Amino acid sequence: MATIITITSGKGGVGKTTTSASIASGLAMRGFKTAVIDFDVGLRNLDLIMGCERRVVYDFVNVIQGDANLHQALIKDKHADNLFVLPASQTRDKDALTEEGVEKVLKELEHQGFDYIVCDSPAGIEHGAVMALTFADEAIVVTNPEVSSVRDSDRILGIIQSKSRRAVEGREPVKEHLLVTRYSPKRAHEGEMLTYTDIQELLRIPLLGVIPESEAVLHASNQGIPAIHQKDTPVADAYLDAIGRFLGETHPLRFVDYEKPGLLKRLFGGK
Amino acid sequence: MSWLSLIFGEKKATASVAKERLQLIIARERVGLSGPDFLPDLQKDLVAVISKYVKINPEDIKVGLEKQGNFEVIEVNIVLPEIR
């Protein structure tokens, strides 16, 4: 059985694609055969974040419409074994993603022995976003500590609870996880920013992890290497912890408490 | 801003305001995605029913939604024509 994980948020620019790339990479690093699919037809970016943009020949829509087979369209990741990328089409219309077409591709991936299928949702609550969450078994809701992101996350949770296959067919509901990204412990500590506990209280879903705001994310995307590979950075470690928790392990939260810099650090700088 | 805060700098702790606002709006949107949307239809239906008994203008019925503590109250105001 393949597990379908949808990475979603409602709001744009909160870190869905960054998270999709890192979660998919993290699962593959743990030895699971993993595929990550870009559902953002017309605005594809997962290929850039994964660093495979120059190897795209066929895309998701080509496979749905039978112009290419899955084997031709899947791009093998350079940084992790067991990981494959299915890019979105850059030229087609969002409506090219039909429910039957998406289901067919997901079934075929399952047939090919994939353990996890990570669906990178587009922003918004329109067709593309709904297609990305329709077949979800689990959903990771990416939220920034900021009012519009929290509200949109709540909205997308409502849509998961009403429009997913699991909801429509009255099966066990989609398992929801909260991932807080771009978190600044200092600003939260000083009361300038919603804390991760505030967000969890508001959205009322289990917390998968807190990813700190960090320069490492931009370095990663600049190079086309998923952030989880930026060794020994808080971002990578926070994603690795989140993967562990997703797989049922217990890891205490890191990088969420603000420590006042000591005198030496203040005098001589350093990060 | 006082001279003290000019010297020491002042950060505004606005997160609590954000949380309060979100609590209200999220609670409202959770129960009421279909909520106030039905008010125009309700108004039309009320006009139709009341017109069977009293001659009124559609604009003489005002329907509104109000929050009182934890309750949402639908307020219906019907102005009957003046008796001459």
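Thresholds applied
- Residues numbered from 1 in each chain as written.
- Chains lettered and ligands numbered in written order.
- Predicted model: local features only at pLDDT ≥ 70, side-chain atom pairs only at ≥ 80, totals over all residues.
- Heavy atoms only, no water.
- Salt bridge = Lys/Arg side-chain N within 4 Å of Asp/Glu carboxyl O.
- Helix = DSSP H or I, 4+ residues; strand = E, 2+ residues; numbered from the N terminus.
- Buried < 20%, exposed > 50% of the residue type's maximum accessible area, 1.4 Å probe, protein only.
- Core = buried A, V, L, I, M, F, W, Y, C linked by side-chain atoms within 4.5 Å.
- Contact = heavy atoms within 4.5 Å.
- 1 Å grid on protein atoms, 1.4 Å probe; cavity = no way out; pocket = protein on both sides within 12 Å on 5 of 7 lines; lining within 4 Å.
- Points joined across faces, edges and corners; volume = space filled by probe spheres on them.
- Nonpolar A, V, L, I, M, F, W, Y, C, P; charged D, E, K, R; others polar.
- Pairing = 2+ DSSP bridges.
- Axes fitted to C-alpha atoms, helices over the stretch in contact; angles between N-to-C directions.
- Left-handed = near helix turned anticlockwise from the far one by under 90°.
- Polar contact = N/O pair within 3.5 Å; in protein donor to acceptor, adjacent residues only side chain to side chain.
- Buried area = accessible area lost by both parts, 1.4 Å probe.

**Student:** Can you help me understand the pattern of salt bridges in this one?
**Tutor:** For side chains bearing opposite charge, pairing can occur when the charged atoms are close. Per the counting criterion, the structure on display carries 17 salt bridges over all chains. Between A:D154 and B:R30 there is a salt bridge, with the nearest N and O atoms lying 2.7 Å from each other. Highlighted residues: A:D154 in helix α7 (residues 147-163) and B:R30 in helix α2 (residues 15-31), drawn from two different chains. What makes B:R30 partly exposed here is its relative accessible area of 33%. With a closest N to O distance of 3.0 Å, A:E192 and A:R187 form a salt bridge. When salt bridges that share partners are traced, they join A:E99, A:E103, A:K107 and A:R165 into one network.

**Student:** It is not clear to me how the nonpolar core should be interpreted in this structure. Could you clarify?
**Tutor:** Generally speaking, nonpolar side chains in soluble globular proteins are found buried as a group. All names here are of chain A. Counting residues in each nonpolar core, the largest one holds 34 residues, and the members touching the most others are I5, L27, V36, M50 and I140. Counting residues per element, the ones that place at least two in this core are β1 (3-8), α1 (16-29), α2 (46-50), β4 (83-86), β5 (116-120), β6 (138-143), β8 (207-212) and α12 (234-246). Ranked by the residues each element gives to this core, the list is headed by α12, at six residues. Those residues in contact with I5 that sit more than four places away from it in its chain are L27, Y116, I117, V118, C119, E138, I140 and F246. Among the nonpolar cores identified, the runner-up in size contains 27 residues, and V63, L74, L106 and I117 belong to it.

**Student:** Even after reading the chapter, I still don't get empty space enclosed by the protein, so can you show me in this structure?
**Tutor:** Unoccupied space between atoms shows up once a probe the size of one water molecule is rolled over them. All names here are of chain A. Under the criterion given, the structure shown has one cavity of 30 Å³ or more. Secondary-structure elements contributing two or more residues to the lining of the largest cavity are β8 and α12. The leading source of residues in the lining of the largest cavity is α12, at three residues. The residue inventory of the lining of the largest cavity, partitioned by class, reads four nonpolar, one polar and three charged.

**Student:** Explanation requested: the pairing of strand β2 (residues 71-78) of chain B in the structure shown.
**Tutor:** Within a regular strand, side chains alternate between the sheet's two faces. Residue and element names in this part refer to chain B. Here strand β1 (residues 61-68) runs beside β2; their pairing, made up of eight bridges, is antiparallel. Bridged to K62 within β2 is N77. The hairpin formed by β1 and β2 contains two residues between the paired strands, and G69 there has a positive phi angle of roughly 60 degrees.

**Student:** Where do I start with the packing of α7(A) against helix α10 (residues 196-203) of chain A in this structure?
**Tutor:** Pairs of packed helices are described in terms of their axes, by the angle between the two and the distance that separates them. Residues and elements named next belong to chain A. Where α7 meets α10, the closest approach of the two axes is 10 Å, and the angle between their N-to-C directions is 35 degrees. α7 and α10 meet at a crossing whose hand is right-handed. Seen from α7, the contacting residues are V150, S153, D154 and L157; seen from α10, they are I199, L202 and L203. Taken together, the residues of the contact of α7 with α10 sort by class into five nonpolar, one polar and one charged.

**Student:** Got a minute to help me understand the environment of A:N82 in this structure?
**Tutor:** Residue and element names in this part refer to chain A. Here N82 is to be found in the loop between β3 (75-76) and β4. Taking the C-alpha atoms as reference, N82 lies 6.0 Å from T34; in sequence the two are 48 residues apart. Within the local environment of N82, its side chain forms a polar contact with the backbone oxygen of A28, the two atoms lying 3.5 Å apart.

**Student:** Explanation requested: the interface of chain A and chain B in the structure shown.
**Tutor:** By a frequent convention, interface size equals the accessible area lost on bringing the separate parts together. On the side of chain B, 14 residues touch chain A, which itself brings 16 residues to the contact. In total, about 1400 Å² of surface goes out of reach between chain A and chain B, with carbon and sulfur atoms giving 56% of it. The tally of links from chain A across to chain B stands at four salt bridges. A salt bridge links A:R151 to B:E29; the shortest N-O distance between them is 2.7 Å. Take the side of chain A that touches chain B: its biggest share by element is five residues, from α7(A).

**Student:** Which parts of the structure should I look at to understand the pairing of β1(A)?
**Tutor:** Residues and elements named next belong to chain A. Within β1, five of the six residues are buried, which leaves the element mostly enclosed by the surrounding structure. Looking at chain direction, β1 and β6 are connected through four bridges and run parallel. Along β6, the bridge assignment pairs T8 with V141.

**Student:** Got a minute to help me understand the sheet that holds β1(A) in this structure?
**Tutor:** Hydrogen bonds between backbone groups are what pair the strands of a sheet, and the pairing can be parallel or antiparallel. Residue and element names in this part refer to chain A. As summarised here, the arrangement of the eight strands in space is β3-β4-β2-β5-β1-β6-β7-β8, forming an open sheet in which the pairing is mixed. Bordering the open sheet on either side are β3 and β8, each of which pairs with just one other strand. Sheet topology places strand β2 (residues 34-38) next to β5; five bridges connect them, and they run parallel. Bridge pairing in β5 places D38 opposite D120. With respect to the sheet, α7 is in contact with β1, β6 and β7 (175-183), its orientation differing from that of β6 by roughly 165 degrees. The strands touched by α10 are β6, β7 and β8; relative to β7, the strand with the most contacts, the crossing angle is about 150 degrees.

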